Amino acid sequence: MKIMGGMDIAEKRLPQDGRIRVSTDDGQEVDFRASTLRTIFGEKVVLRVARQPQGRAAARRARLLGDGARARSASSCAISTA
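Rules behind the numbers
Residues numbered from 1 in each chain as written. Predicted model: local features only at pLDDT ≥ 70, side-chain atom pairs only at ≥ 80, totals over all residues. Heavy atoms only, no water. Pairing = 2+ DSSP bridges. Helix = DSSP H or I, 4+ residues; strand = E, 2+ residues; numbered from the N terminus. Salt bridge = Lys/Arg side-chain N within 4 Å of Asp/Glu carboxyl O. Buried < 20%, exposed > 50% of the residue type's maximum accessible area, 1.4 Å probe, protein only.

Chemist: Could you give an account of the pairing of strand β1 (residues 16-23), with specific residues and numbers?
Modeler: Here eight bridges tie β1 to strand β2 (residues 29-39), and the two strands are oriented antiparallel to one another. Bridged to Val22 within β2 is Val30. Where β1 folds back on β2, the antiparallel hairpin that results is connected by five residues, among which Gly27 adopts a positive phi of roughly 90°.

Right, dumping it as structure tokens:
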């Protein structure tokens, strides 16, 4: 896991973070985030799995694009003229 995530395999004292990207047979990208922690008995590895969003439709579903994002940012940037 440390080699695939681009982490230093000799470093065991400090926590490390890495990233592994894999393509599935159907063409989807899967992103693995790896974190290592020192423990009493060696090291512990934590893997987080996330699929990569596919373009603008996924960004809209995540509410990063579109009218909803503009409306939220405009309402949170109210200017006081008092």
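Chemist: Describe in detail the pattern of salt bridges, supporting the description with residues and values.
Modeler: Applying the stated criterion across every chain, the model contains five salt bridges. The shortest N-O distance in the salt bridge between Arg19 and Asp31 comes to 3.4 Å. Within this pair, whereas Arg19 is found in strand β1, its partner Asp31 is found in strand β2, the two being separated by twelve residues in sequence. Its relative accessible area of 41% is what places Arg19 among the partly exposed residues. Ionic pairing is found between Asp31 and Arg33, a salt bridge with its closest N-O pair at 3.0 Å. Owing to a relative accessible area of 4%, Asp31 belongs among the buried residues under this scheme.

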